[in-house]
Amino acid sequence: MIRKYSVLISLAVLAVVMLVPFAVVTLNAVRSPEDYSANGPLSLPDGLHFDGIVEFWNRVDFGGKLWNSLLISGSVAVLAVVLSVLNAYALGVGRVRGRVWIMVVFLVANTLPQEALVYPLYYLAKEAGLYDTRLSMIIIFTVIQSAFGTYLLASVLGRFPHEILEAAAIDGAGKWRALWRIVVPVSRPTLSVLLIFFFIWTWNEFFLPLIFLISNENQTVPVALGVLQGDKMMDATMSSASALLGVLPAVVFFLIFQRTLTRGVTVGAIK
Amino acid sequence: MSKVRTGAVALVTAAALAALAACGNSEPEAGKPAASDGPRVLKLWHYESADGAMGKAWAEAIKQFEASHPGVRVQFEEKAFEQIRQSAGMILNSDEAPDVMEYNKGNATAGLLSQQGLLTDLTPEVAKRGWDKLLSPSLQTTAKYDDRGIMGAGKWFGIPNYAEYVMVYYNKDLFTKHKVEVPKTFDEFTAAMDTFVEAGVTPLAVGGAEYPAQQIFYQLALSKAQRPWVDSFQLYKGKVDFRGPEFTYAAETMADWVKKGYIAKDSAAIKAEDMGVSFMGGKYPIVVTGSWWYGRFASEIKDFEWGSFLWPGNTMSAGSSGNIWVVPENAKNKDLAYDFIDITMKKEIQNLLGNSGGVPVAADPAAITDPKSKELIENFTKLSSGDGLAFYPDWPAPGYYDVLVAGVQNLINGSRTPAQVLDEIAAPYEENLADIGG
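Residues numbered from 1 in each chain as written. Chains lettered and ligands numbered in written order. Predicted model: local features only at pLDDT ≥ 70, side-chain atom pairs only at ≥ 80, totals over all residues.

By the naming in an unreviewed UniProt entry, chain B goes by Sugar ABC transporter substrate-binding protein and is assigned to Planobispora rosea.

By the naming in an unreviewed UniProt entry, chain A is ABC transporter permease, taken from Planobispora rosea. Of chain A, the UniProt comment under Sequence similarities (unreviewed entry) reads exactly: "Belongs to the binding-protein-dependent transport system permease family." (UniProt positions renumbered as here; feature names shortened; annotations may be inferred.)

Novice: Before we move on, could you go through the overall build of chain A and cite the residues and values that matter?
Specialist: Secondary structure summary: chain A contains 13 helices and zero strands in total. Helices (α) and strands (β) of chain A occur, in sequence order from the N terminus, as α-α-α-α-α-α-α-α-α-α-α-α-α. Each of the three principal axes of chain A carries a C-alpha extent, and together these read 75 × 65 × 30 Å. Within chain A, the proportion of its 271 residues that are buried is 38%. Restricting the contact set of chain A to residue pairs at least 6 apart, pairs at least 24 apart contribute 76%. (Helix = DSSP H or I, 4+ residues; strand = E, 2+ residues; numbered from the N terminus. Buried ≥ 20, exposed ≤ 12 C-beta atoms within 10 Å, placed from the backbone. Contact = placed C-beta atoms within 7 Å.)

Novice: Quick one: what's the story with the overall build of chain B, residue by residue and with numbers?
Specialist: In terms of regular secondary structure, chain B is built from 19 helices and 13 strands. Taken over the C-alpha trace, chain B has a radius of gyration of 24 Å; the compact-globule value for 438 residues is 22 Å, and the two agree within 12%. A principal-axis box enclosing the C-alpha atoms of chain B has dimensions of 70 × 70 × 50 Å. Taken over 438 residues, chain B has a buried fraction of 50%. For chain B, contacts bridging at least 24 residues in sequence account for 76% of all contacts bridging at least 6. (Rg over C-alpha atoms; globule rule 2.2 N^0.38 Å.)

Novice: How would you sum up the nonpolar core? Please name residues and give values.
Specialist: In summary, soluble globular proteins display a tendency toward joint burial of nonpolar side chains. By size, the foremost hydrophobic cluster in this structure holds 195 residues, and its most contacted members are Val81 of chain A together with Phe217, Met254, Val326, Ala337 and Phe340 of chain B. By residue number, the principal contributor to this core is helix H4 (residues 62-93) of chain A, which donates 13 residues. Viewed by domain, this core spans two of them, domain 1 (40-161 + 322-363) and domain 2 (164-319 + 391-435) of chain B, each represented by three or more residues. Sequence-distant contacts of Phe340 of chain B, defined by excluding residues within four places in its chain, comprise Leu42, Leu44, Ala61, Phe65 and Val100 of chain B. (Core = buried A, V, L, I, M, F, W, Y, C linked by C-beta atoms within 7 Å. Domains from an automatic or database assignment.)

Novice: Please give an account of unusual backbone geometry that cites residues and values.
Specialist: Residue and element names in this part refer to chain A. Of note in the backbone geometry, Asp61 takes a positive phi value of approximately 55° without being a glycine. Looking at where Asp61 falls in the secondary structure, it is placed in the loop between helix H3 (51-60) and H4. On the neighbour-count criterion, Asp61 (14 C-beta atoms within 10 Å) is partly exposed. One non-glycine residue, Asp132, lies in the positive phi region at around 65°. Among the structural elements, Asp132 can be located in the loop between helix H6 (114-127) and helix H7 (134-158). When the 21 C-beta atoms within 10 Å are taken as the criterion, Asp132 is described as buried.

Novice: Got a sec to walk through the domain arrangement of chain B? Specific residues and values, please.
Specialist: All names here are of chain B. Parsing chain B into structural domains produces domain 1 (40-161 + 322-363) and domain 2 (164-319 + 391-435). The partner domain 2 presents eight residues to the nine residues of domain 1 that form the contact. Taken together, the residues that form the side of domain 1 that touches domain 2 break down as three nonpolar, six polar and no charged. (Nonpolar A, V, L, I, M, F, W, Y, C, P; charged D, E, K, R; others polar.)

Novice: I'd love a proper account of the UniProt feature "transmembrane region" (unreviewed entry) in chain A, names of residues and values included.
Specialist: All names here are of chain A. The UniProt record annotates "transmembrane region" (unreviewed entry) at residues 7-30, 66-88, 100-123, 135-157, 178-203 and 238-257. In this annotation, residues 66-88 is assigned 100% helix and 0% strand; the end-to-end C-alpha distance for the span is 32 Å. Between the C-alpha atoms that bound residues 238-257 there is a distance of 29 Å. The span itself is 100% helix and 0% strand.

Novice: Please set out the pairing of strand E7 (residues 162-171) of chain B residue by residue, giving values where relevant.
Specialist: Residue and element names in this part refer to chain B. Judged by how many residues are buried, E7 sits mostly within the fold: ten of ten residues are covered. Burial along E7 is two-sided: the face carrying Tyr162, Glu164, Val166, Val168 and Tyr170 and the face carrying Ala163, Tyr165, Met167, Tyr169 and Asn171 are both buried. Here E7 pairs with strand E13 (residues 359-360) via two bridges, running antiparallel. The partner of Ala163 across the bridge, within E13, is Val359. When E7 meets strand E11 (residues 319-321), the two strands line up antiparallel, connected through three bridges. Bridged to Tyr165 within E11 is Gly319. Inspection of the sheet shows E7 paired to strand E9 (residues 286-290) by five bridges, in the antiparallel sense. Bridge pairing in E9 links Tyr170 to Ile286. (Pairing = 2+ DSSP bridges.)

Novice: Before we move on, could you go through the packing of helix H2 (residues 53-68) of chain B against helix H16 (residues 347-355) of chain B and cite the residues and values that matter?
Specialist: Residue and element names in this part refer to chain B. The contact between H2 and H16 brings their axes to 8 Å, and the two run at 155°. When the interaxial angle is binned, H2 and H16 end up roughly antiparallel. Regarding H2 and H16, the two cross each other, and that crossing is right-handed. Together, Ala53, Met54, Lys56, Ala57, Glu60 and Ala61 of H2 and Ile349, Leu352 and Leu353 of H16 make up the contact between the two elements. Here the contact of H2 with H16 is built from residues that sort into seven nonpolar, no polar and two charged. (Axes fitted to C-alpha atoms, helices over the stretch in contact; angles between N-to-C directions. Parallel < 35°, antiparallel > 145°, perpendicular 65-115°, else oblique. Left-handed = near helix turned anticlockwise from the far one by under 90°.)

Novice: Please provide a residue-by-residue account of the confidence of the model for chain B, values included.
Specialist: Residues and elements named next belong to chain B. Per-residue pLDDT for chain B has a mean of 87; in total, 91% of the residues score no lower than 70. Every residue in residues 1-35 scores below 50 in pLDDT, and together they form 41 contacts with partners more than four places removed in sequence or on other chains. As a predicted assembly, this complex carries a pTM of 0.80 together with an ipTM value of 0.74. (pLDDT = per-residue confidence, 0-100.)

Novice: Help me get a handle on the packing of H4 of chain A against H7 of chain A, residues and values and all.
Specialist: The N-to-C vectors of H4 of chain A and H7 of chain A enclose an angle of 35°; their axes lie 6 Å apart at closest approach. Considering the relative orientation of H4 of chain A and H7 of chain A, their crossing is right-handed.

Novice: I'd love a proper account of the sheet that holds strand E1 (residues 40-46) of chain B, names of residues and values included.
Specialist: Residue and element names in this part refer to chain B. Ordered in space as E2-E1-E3-E12-E6, the five strands form an open sheet in which the pairing is mixed. Each edge of the open sheet is held by one strand with a lone partner, namely strand E2 (72-78) and strand E6 (159-160). Relative to strand E12 (residues 324-326), strand E3 (residues 100-103) runs antiparallel, the two sharing three bridges. Each residue of the ladder has a partner; that of Tyr103, found in E12, is Ile324.

Novice: Now, about helix H4 (residues 107-115) of chain B: what can you tell me, with residues and values included?
Specialist: Along an α-helix, residues three or four apart share an orientation, since each turn contains 3.6 residues. Residues and elements named next belong to chain B. Those residues of H4 that fall on the buried side of the exposure criterion are Asn107, Thr109, Ala110, Gly111, Leu113 and Ser114. Those residues of H4 hidden inside the fold are in contact with helix H3 (81-92), E3, strand E4 (144-145) and E12. Taken from the residues just after H4, Gly117 is the one with a positive phi, measuring 75°.

Novice: Which residues make up the environment of Pro285 of chain B, and what are the values?
Specialist: Residue and element names in this part refer to chain B. For Pro285, the position within the fold is in the loop between helix H13 (272-280) and E9. In this structure Pro285 comes out as buried when scored by C-beta crowding, with 28 C-beta atoms within 10 Å. Remark: the alpha-carbon pair of Pro285 and Gln226, spanning 59 residues in sequence, is separated by 30 Å.

Novice: Summarise the environment of Pro228 of chain B; cite the residues concerned and give the values.
Specialist: Along the chain, the position of Pro228 of chain B falls in helix H11 (residues 227-235). For Pro228 of chain B and Ile301 of chain B, which are 73 residues apart along the polypeptide, the C-alpha to C-alpha distance reads 39 Å.

Novice: How would you sum up the confidence of the model for chain A? Please name residues and give values.
Specialist: This prediction gives chain A a mean pLDDT of 85; 95% of its residues lie at or above 70. The least confident element of chain A, judged by mean pLDDT, is helix H13 (residues 236-270) of chain A at 75; the most confident is H4 of chain A at 93.

What follows is the structure, encoded as structure tokens:
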């Protein structure tokens, strides 16, 4: 009984700790700048003040940024999963020669910091005429995310029961058919988790979009939030308002896909 | 449930397809604004907030530019400071470069780009349009860069529209309550702070984790310095002795101020933002910081009266021109860019900048009507007419900002003696000096 309550209490404490930053952000998002200056960030606001949110939305054309982010993250999520599946099928099921080394390369690619990639990517994008286009971000992030996806999926597919594939082969299914009719449906929970992770990771990317998406009309949500951080000044209330706007889509997305996510995670756990 | 999932996947796929389609469509229209048949476009970037002094003045300048240039459209984009800081070099090296943009002055920023050949030499335009006559010598320092990219001499690569300087802001209500007069001399200044300490009030709001503390340190050094010392320190025109009277006095006085209680011991961890907010909340009577806080204080302090004065006893103060307009070498409409810069230097725009809480470089003093702005600009005129802008202590070497933050934090914490701190901040400076062969 005591154990049950202690677990409950520690969970409650954890939940509070997790929620406090959100509460502070929300509190300051609806606070007027004068109130912030006079009473600091932690007091209760003296009235609801939505100007910060509205003004930020208009100032950066937030609707457009949302669309850009959705476009880039959505495309990357889908394309990276497809690419990962194809790679992993070759590496995990197809057992290509030297696959261990190929996997090592993918692992190393994962550990490369983005700062190291910036200049080469910049020159490539400029040569290809893709600098300052959303397409450049989609291509780059598809590759980056699928490096991780390939690494993960290849080890998952490496343990794929060969009996099933052999049975399919006996029934006359080619490699292509086996992939789409057998491997993909069986590993679907893992793929959906990957899809969601890729979406959220790409959504939250800041550094490369900051470098590559120069025009305001191409920018993503995290880059737009950066507008508020000045050289020497910051606007705390408007930053909070923008942070609230920036985090909402990710929360909504999470709520929509939450069931898929937990199911995928538990499927992985049983394995 | 399966339906929901399929629906969701379909949604994402649809977004992806739309993405590819959209990307394909948008490419031709980007990057080719200066087509000969359509209207000409001036591509303009800056990163000032729209309701700040510069934002307001430049919005008006855009309006006037469009009025005087029929058939030309100004394509203005407000940029994130972080974006320009991170990737200015890459942007300016590409076809996406704007025609005119705001950029940070200094060796590591505008100096570096000028050395890389990414900025247009403005010297002929400066002479033709007489911009040099509007700018005082210490303002010109940050507009000119030599072949090594070091400011102070050489060709013009930028035009500053506004200036900034470090001053003392004070809470009039707290001064009256504790019967303290506005100090005119350095001794009166310390006497005033003594009065506050006796009454149990910490007089100075200091942000030790960021730029404010090192600016106080620099103000103290300047109180013992002459112009040649500043030229040596900032422009490498001579040797600087870190154990000399200027820095020794600054370090010892700063440590002393902490002991006397003028500066709170815990302020080493305070950020500039929190420092400003604590002053605006009426918790401290005095804050020493730059004119970039002026607009915010003016619009957000409602509960008490406040004012500003120059650091008592100093003829020099930390300060410089503000950020500068630069014209990228890859700009497609340089002639329009020059015209735009010229408009921002006009009296009308400069006066608007002054009346909105900024420090204009070429305003008509009589046209500044707001009394607080008048005080701000008169103090600046006093400084700049005496050649008193001494730039900022972190300018001389790359990465020197962090060195100074750490050094001054050690002074405030008392974890190092003043002499140790001086040695600490001397080393990176000398290293940089050796690198540039100065």
